[in-house]
Amino acid sequence: MTHKERFLAAARFERPDMPALEYYYTDVGYAEHGAKLQELYMRYPGDAAPAPAYNFTSRGPDPADFDEDGNYRRLETDKWGVTWEYRIFGRIGHAIGFPLDDIGKLDSYALPPMPLSDPAAFDALKRRAESEDSSYPISHGIPGLLDQMIALRPFEKVLMDLANGEPALARLADVLTDAYLGEVRRALSAGVDIIRMGDDYGTNRAMLISPDLWRAFFFPRLKKIFDPIKAAGKLCCFHSCGQVWDILPDLKLAGADTIWPQLPLYDYGALSERLRGLGLALCMHIDRGELMQHGSPGEVKAETARLFQAFRPDNGGSWFYFEVDQGFPFENIQALAEAIAEYRC
């Protein structure tokens, strides 16, 4: 199988020739581990995308972004008008400046153009889908609805708006939905294999809002976005941090083909049974919050074995996911790569 065939087979519950592997190539991983991390990626190639050509001399934190105590802090305002504070190089920041702090400004707020509305960006993606290394699947991502709303407007205010049925928040969600729908259609026209979307709906214990409120507010908008993906026969890969057990069937009904959850929050056996029953494939990642930072290489290998036995990526319906966050000892990164490789022989 090619990398593309293997990855798509895993996501479609078809038996691959070996378990599929997806890397997310993080800047923070390269910044902390440099060329030896790249060598590891090249030694154990993944199936979702090739390792990028990385310029180790030009990528990394700007010295000007460190304060007098050596702490990293960078401020940046994005194209949405959101001001972000970054405390860790290469990782997602925190919104601290909100263009819709006052929801009354919604009527005068203009969304920025979506990436593929730029003809040059569309043509580049189309060329990739048609001619660039076709042995890998071509993906395109769109923002989450809740995640973008809590960037534009403070988190607590968005939750209060949801609880109170604020009409302006519903209008904002509809504007975002229509913008994302247009982006999905452009991506499909360019020839992508996968549309990716992420929205974090849970805490470590439960959902941020009730499942019923989620179904009333988010489900119809997600379904509207996902419908053309399903009509085109392409994959919809969805990510959600937090405990979202209650809405897994709804995500499948809306059109998601795969789920990347915050896996350590779940009982592996129960989750495996539920996802296979739903036909919802699993993006399977090891605990990055504690184990990869503070565990031993032996514990990393043991957990990889536990994941394999619970979700059986050799049978399809799941695949290994590999992301290097800040503070991972290289010994643990290498142990994870070697453990996964044993199942891909």
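Quick caveat: nothing in here was measured; it's all calculated off a predicted structure.

J.: Describe in detail the overall build of the chain, supporting the description with residues and values.
T.: Scanning the chain from terminus to terminus reveals 13 helices and ten strands. At 20 Å, the chain has a C-alpha radius of gyration in line with the 20 Å of a compact globule built from 345 residues. If one aligns the C-alpha atoms of the chain with their principal axes, the spans along those axes are about 55 × 55 × 45 Å. Each of the 345 residues in the chain was classed as buried or not, and the buried ones make up 49%. Partitioning the intrachain contacts of the chain with sequence separation of at least 6 by distance along the chain shows that 69% fall at a separation of at least 24. In the form shown here, the chain has an accessible surface area of approximately 15400 Å², with 52% of it arising from carbon and sulfur atoms. With 37 positive and 51 negative side-chain charges, the chain shows a spacing of 5 Å between the two charge centroids.

J.: Which residues make up the packing of helix 10 (residues 268-278) against helix 12 (residues 297-311), and what values do they have?
T.: When two helices pack together, their arrangement is given by the angle between the helix axes and the distance between those axes. It is at 9 Å that the axes of helix 10 and helix 12 come closest, and there the two elements cross at 35°. Judged by the sense of rotation from one axis to the other, the crossing of helix 10 with helix 12 is right-handed. Seen from helix 10, the contacting residues are Y268, L271, S272 and R276; seen from helix 12, they are E303, R306, L307, A310 and F311. Considered class by class, the residues forming the contact of helix 10 with helix 12 number five nonpolar, one polar and three charged.

J.: Could you give an account of the packing of aromatic side chains, naming the residues involved and the relevant values?
T.: Geometrically, a pair of aromatic rings is defined through the distance of the ring centres and the angle of the planes. In the structure shown here, the tally under the stated rule is 18 aromatic pairs. For the pair Y23 and Y41, a centre-to-centre distance of 4.8 Å together with 65° between the ring planes defines the contact as edge-to-face. With Y23 in strand 1 (residues 21-24) and Y41 in helix 2 (residues 27-43), this residue pair connects regions lying 18 residues apart in the sequence. The pair Y23 / Y41 is uniform in exposure class, with both members buried. These aromatic residues form a ring-pair network of at least three members: Y201, W214, F217, F218, F219, F226 and F238. One Lys or Arg, R74, reaches over the ring of Y86 and ends 4.5 Å from the middle of that ring. Lying across the ring of W245, R274 places its NZ or CZ 4.4 Å from the centre.

J.: Explain the pattern of salt bridges to me, using residue names and the numbers behind them.
T.: Evaluated as defined, the whole model comprises 27 salt bridges. For the salt bridge of D47 with R344, the shortest nitrogen-to-oxygen distance reads 2.8 Å. Linking D47 in the loop between helix 2 and strand 2 (74-77) with R344 in the segment after helix 13 (330-343), this pair joins segments that are 297 residues apart in sequence. Note on accessibility: D47 and R344 belong to one class, buried. Among the ionic pairs, K224 bridges to D178, the shortest N-O distance being 2.9 Å. Separated by 46 residues along the polypeptide, K224 in helix 8 (residues 219-231) and D178 in helix 6 (residues 167-190) bring together distant segments of the chain.

J.: Account for the sheet that holds strand 2, naming residues and giving values.
T.: Strand order in the open sheet formed by three strands is 2-3-4, and the pairing between neighbours is antiparallel. In this open sheet, the two strands that pair with only one neighbour each are strand 2 and strand 4 (94-97). On average, each strand axis in the sheet is inclined to that of its neighbour by 35°, with strand direction left out of account. By the bridge criterion, three bridges tie strand 3 (residues 83-86) to strand 4 in an arrangement that is antiparallel. Within the sheet, the bridge partner assigned to W84 lies in strand 4 and is A95.

J.: Outline helix 2, supporting the account with residue identities and numerical values.
T.: Helix length check: helix 2 (17 residues) gives 19 Å between terminal C-alpha atoms against 24 Å at 1.5 Å per residue, more than 12% under. Along helix 2, the positions that sit buried rather than exposed are V28, G29, Y30, H33, G34, L37, Q38, L40 and Y41. On its buried face, helix 2 sits against strand 1 and helix 13.

Conventions used here
- Residues numbered from 1 in each chain as written.
- Predicted model: local features only at pLDDT ≥ 70, side-chain atom pairs only at ≥ 80, totals over all residues.
- Heavy atoms only, no water.
- Helix = DSSP H or I, 4+ residues; strand = E, 2+ residues; numbered from the N terminus.
- Rg over C-alpha atoms; globule rule 2.2 N^0.38 Å.
- Buried < 20%, exposed > 50% of the residue type's maximum accessible area, 1.4 Å probe, protein only.
- Contact = heavy atoms within 4.5 Å.
- Areas by Shrake-Rupley, 256 points an atom, 1.4 Å probe, with all protein chains shown as cover.
- Lys, Arg positive; Asp, Glu negative; His and termini not counted.
- Charge placed at Lys NZ, Arg CZ, Asp CG, Glu CD.
- Axes fitted to C-alpha atoms, helices over the stretch in contact; angles between N-to-C directions.
- Left-handed = near helix turned anticlockwise from the far one by under 90°.
- Nonpolar A, V, L, I, M, F, W, Y, C, P; charged D, E, K, R; others polar.
- Phe/Tyr/Trp six-rings, centres within 6.5 Å; stacked < 30°, edge-to-face > 60°.
- Lys NZ or Arg CZ within 6 Å of the ring centre and 35° of its normal.
- Salt bridge = Lys/Arg side-chain N within 4 Å of Asp/Glu carboxyl O.
- Pairing = 2+ DSSP bridges.
- Expected span 1.5 Å × (residues − 1).

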